[in-house]
Amino acid sequence: MKPDKEKIDNGRRSFIGAAAGVSAAVVAPGVVLHTVDATAAPRTEPVTDLHRWGMLIDTSKCADGCSACVSACDRENGLNLQSKPLGDDPLKWDNQRAVWIRKVKLQDNTTGRITNLPLMCQHCENPPCVDVCPTGASFKRADGLVLVDRHTCIGCRYCMMACPYKARSFIHEKVDQKLTRAPRGKGCVESCTLCVHRLDEGDISTACADACNAEGHQAIVFGDLNDPDGPLRQALRQVPSRQIRQDLGLNTGVRYSGI
Amino acid sequence: MAIKAITKSGLLVLAAAGAFLASAGARAEQVGDFVLPSSKAAKVENCVEPTEYMRRNHFEVIRHQRDTTVYGGIRSTKHSLAGCVDCHVGYDESGQPLSVSDEGQFCSACHDYAAVTMNCFDCHATVPEGESWNHETAALHGHLGIDLAARAAGPDAPAHREGSQQ
């Protein structure tokens, strides 16, 4: 790894360290919201950078052949409501239908070792999709979520080209059925929102993490990267983890262990 | 100038149109006349703002809310578009919600009358379905999160619950 990358990372780490000290007290009420469910409250103040949402995915726990996270994501966001347009080529449809999480299987050719992992928007601190967007529709929310404002998205798909993770989908067809919590329609690009509608209502969880848990795999830990005592940071302290394409210096919000 | 010319030549047409508008207007003269009897709104006194104000400014209200939600993450306030749909959506005899943007339903009845076209419902749900995360479901899933935290932290780490409740 290049030494200058290391320098950037170190600077960032100490910054987050300092910020976390300040924010710990403020973060605590948010965490209590999570544990004391009766008080779970929708937010009334705009999001701030006190939180940065992210995930740790333990690939050693991610089971071969399991796609619970993918189907949970589909249900949560109404992606399961899309159907192949009449007369469309099945192969084309398979390539073009919107997916927010993909199960990826890696094989090391030398050792033959196979690794499974779910790949979704990595919610980069320095997102290339935001850099290339001509309308500002692709944006990073204050709390680290990388989203598409579909009211200003013109469907140019530059962001899809720029994303090293192939995380975004373009909607080619009219969407007949959609859920209130996840509006979506033809002509826009979309991707994983880290279940933003849940977060904003005070529920600190994602559909994929819940589903993975329900399957008993517990491969996905969702949480606040800025909260030093939160579940995510605790998990990150325990196992070595890395970013996919760490060399790009994007500082992803989604981290992987076991790869 | 062009407008003037059109106005002159169209006077007759306008007069005819005026007569039509007056008759059509009679139906919607009263504020609140577009509210569907089967909707929740029919059982409520007022809109989220004074009704007269909403009639003239609802799109400003919604558009403001749009950015508040998308960029600020504030989505449960009274101006939410999901809220308009929830309160104004009509129901058929069997209790099934009817799309607010269908012909004759709340949003489109008036828009058709006023010749407004809008594409919001290309993406936004026109009946309340799969609404945002609510408190009941949050409570249901809350414990999952805690278990997850405890498990992720491992047996020898301090329990998340204790650590965070101070």
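Residues numbered from 1 in each chain as written. Chains lettered and ligands numbered in written order. Predicted model: local features only at pLDDT ≥ 70, side-chain atom pairs only at ≥ 80, totals over all residues. Heavy atoms only, no water.

## Things to note about the overall build of chain B
From N to C terminus, chain B includes eight helices and two strands. Secondary structure elements in chain B, listed N-terminal to C-terminal, are α-α-α-α-β-β-α-α-α-α. Taking all 166 residues of chain B together, the buried fraction comes to 33%. Accessible surface, chain B: about 10500 Å² in total, of which carbon and sulfur atoms supply 60%. (Helix = DSSP H or I, 4+ residues; strand = E, 2+ residues; numbered from the N terminus. Buried < 20%, exposed > 50% of the residue type's maximum accessible area, 1.4 Å probe, protein only. Areas by Shrake-Rupley, 256 points an atom, 1.4 Å probe, with all protein chains shown as cover.)

## Observations regarding the pattern of salt bridges
Summed over the entire model, instances satisfying the criterion amount to 18 salt bridges over all chains. The partner of Arg141 of chain A in a salt bridge is Asp200 of chain A, with the nearest N and O atoms 3.0 Å apart. Residue Arg141 of chain A is located in the loop between strand S4 (138-140) and strand S5 (146-148), and its partner Asp200 of chain A is located in the loop between helix H6 (196-199) and helix H7 (207-214); the two are separated by 59 residues in the primary sequence. Each member of the pair, Arg141 of chain A as well as Asp200 of chain A, carries the same accessibility label: buried. Put simply, Lys40 of chain B and Asp86 of chain B hold a salt bridge, and the shortest N to O gap is 2.8 Å. Note that Lys40 of chain B is positioned in the loop between helix H2 (11-27) and helix H3 (51-72) and Asp86 of chain B in helix H4 (residues 81-88), a separation of 46 residues in sequence. Since its relative accessible area comes to 39%, Lys40 of chain B is described here as partly exposed. Each of Arg43, Arg141, Asp143 and Asp200 of chain A together with Arg75 of chain B takes part in a single network of salt bridges with overlapping partners. (Salt bridge = Lys/Arg side-chain N within 4 Å of Asp/Glu carboxyl O.)

## Things to note about the packing of aromatic side chains
All names here are of chain A. Applying the stated criterion to the full structure yields three aromatic pairs over all chains. Judged by centre distance (5.7 Å) and plane angle (15°), the rings of Trp53 and Phe222 are stacked. Here Trp53 is found in strand S1 (residues 53-58), whereas its partner Phe222 is found in strand S8 (residues 220-224), with 169 residues between them in sequence. Both residues of the pair, Trp53 and Phe222, belong to the buried class. Cation over ring: Arg157 sits above Phe170, and NZ or CZ is 3.8 Å from the ring centre. (Phe/Tyr/Trp six-rings, centres within 6.5 Å; stacked < 30°, edge-to-face > 60°. Lys NZ or Arg CZ within 6 Å of the ring centre and 35° of its normal.)

## Things to note about the pairing of strand S9 (residues 254-257) of chain A
All names here are of chain A. Every second residue of S9 is oriented toward a common face, with Val254 and Tyr256 on one face and Arg255 and Ser257 on the other, all of them buried. Pairing between S1 and S9: four bridges, direction parallel. Bridge assignment links Asp58 to a residue of S9, and that residue is Ser257. (Pairing = 2+ DSSP bridges.)

## Considering the pairing of S1 of chain A
Residues and elements named next belong to chain A. Along S1, six of the six residues are buried, which leaves the element largely enclosed by surrounding structure. Side chains Trp53, Met55 and Ile57 project from S1 onto one buried face, and the interleaved Gly54, Leu56 and Asp58 project onto a second face that is buried too. Pairing geometry for S1 and S8, over five bridges, is antiparallel. Along S8, the bridge assignment pairs Leu56 with Val221.

## Looking at the environment of Ser39 of chain B
All names here are of chain B. Relative to the assigned elements, Ser39 resides in the loop between H2 and H3. Measuring from C-alpha to C-alpha, the distance between Ser39 and Glu131 comes to 17 Å, with 92 residues separating the pair along the chain. Once residues within four sequence positions are removed from consideration, Ser39 is found in contact with Cys87, His88, Val89 and Gly90. (Contact = heavy atoms within 4.5 Å.)

## Remarks on the side chain of Arg184 of chain A
Considering the arrangement of structural elements, one finds Arg184 of chain A in the loop between strand S6 (169-170) and strand S7 (189-190). Judged by relative accessible area, Arg184 of chain A falls into the buried class, the value being 2%. Reaching out from Arg184 of chain A, the side chain makes a polar contact with the side chain of Glu190 of chain A at a distance of 2.8 Å. If near-sequence neighbours (up to four positions away) are discounted, Arg184 of chain A is found in contact with Asn77, Gly78, Leu79, Gln82, Ala98, Arg150, Ile171, Val175, Lys178 and Glu190 of chain A together with Asp122 and Cys123 of chain B. (Polar contact = N/O pair within 3.5 Å; in protein donor to acceptor, adjacent residues only side chain to side chain.)

## Quick word on H7 of chain A
Residue and element names in this part refer to chain A. Counting buried residues along H7, seven of its eight residues qualify, which places the element largely inside the surrounding structure. Listing the buried residues of H7 in full gives Ala207, Cys208, Ala209, Asp210, Ala211, Cys212 and Asn213. Backbone geometry just downstream of H7 places Gly216 in the positive-phi region, at approximately 85°.

## Re unusual backbone geometry
Residue and element names in this part refer to chain A. A positive phi angle, close to 55°, is found at Lys166, a residue other than glycine. Along the polypeptide, Lys166 turns up in the loop between helix H5 (158-162) and S6. A positive phi angle, near 50°, is found at Asn251, a position not held by glycine.

## Structural notes on the state of the cysteines
All names here are of chain A. Under the definition given, this model contains zero disulfides over all chains. Sulfur of Cys163: no disulfide; nearest cysteine sulfur belongs to Cys129 and is 6.5 Å away. By relative accessible area, Cys163 is classed as buried at 16%. (Disulfide = S-S within 2.5 Å.)

## Considerations on the confidence of the model for chain A
Residue and element names in this part refer to chain A. When pLDDT is averaged along chain A, the result is 86; 85% of the residues meet or exceed 70. For chain A, per-element mean pLDDT is lowest for helix H1 (residues 3-35), which scores 42, and highest for S5, which scores 98. Segment residues 1-39 is flagged for pLDDT under 50; beyond a separation of four residues in sequence, or across chains, it makes 43 contacts in the model. (pLDDT = per-residue confidence, 0-100.)

## Considerations on the nonpolar core
Counting residues in hydrophobic clusters, the biggest one holds 48 residues, and the most contacted among them are Met55, Met120, Tyr165, Ile220, Phe222 and Tyr256 of chain A. Secondary structure elements with two or more residues in this core: S1, helix H2 (68-77), strand S3 (114-119), S5, H6, H7, S8 and S9 of chain A. Look past the residues within four positions of Met120 of chain A in its chain and what remains in contact with it is Met55, Ile57, Trp100, Ile101, Ala167, Cys192, Val254 and Tyr256 of chain A. Core analysis: the next-biggest nonpolar cluster, separate from the first, contains eleven residues, Leu36, Leu81, Val100 and Cys107 of chain B among them. (Core = buried A, V, L, I, M, F, W, Y, C linked by side-chain atoms within 4.5 Å.)

## Describing the sheet that holds S8 of chain A
Residue and element names in this part refer to chain A. Sheet architecture is open: three strands sit in the order S8-S1-S9, paired in mixed fashion. A single partner strand is all that each edge strand has here, and the edge strands are S8 and S9. Sheet twist, expressed as the mean angle between neighbouring strand axes with direction ignored, is 20°. Across the face of the sheet, helix H8 (residues 231-238) comes into contact with S1, S8 and S9 while running at roughly 120° to S8. (Axes fitted to C-alpha atoms, helices over the stretch in contact; angles between N-to-C directions.)

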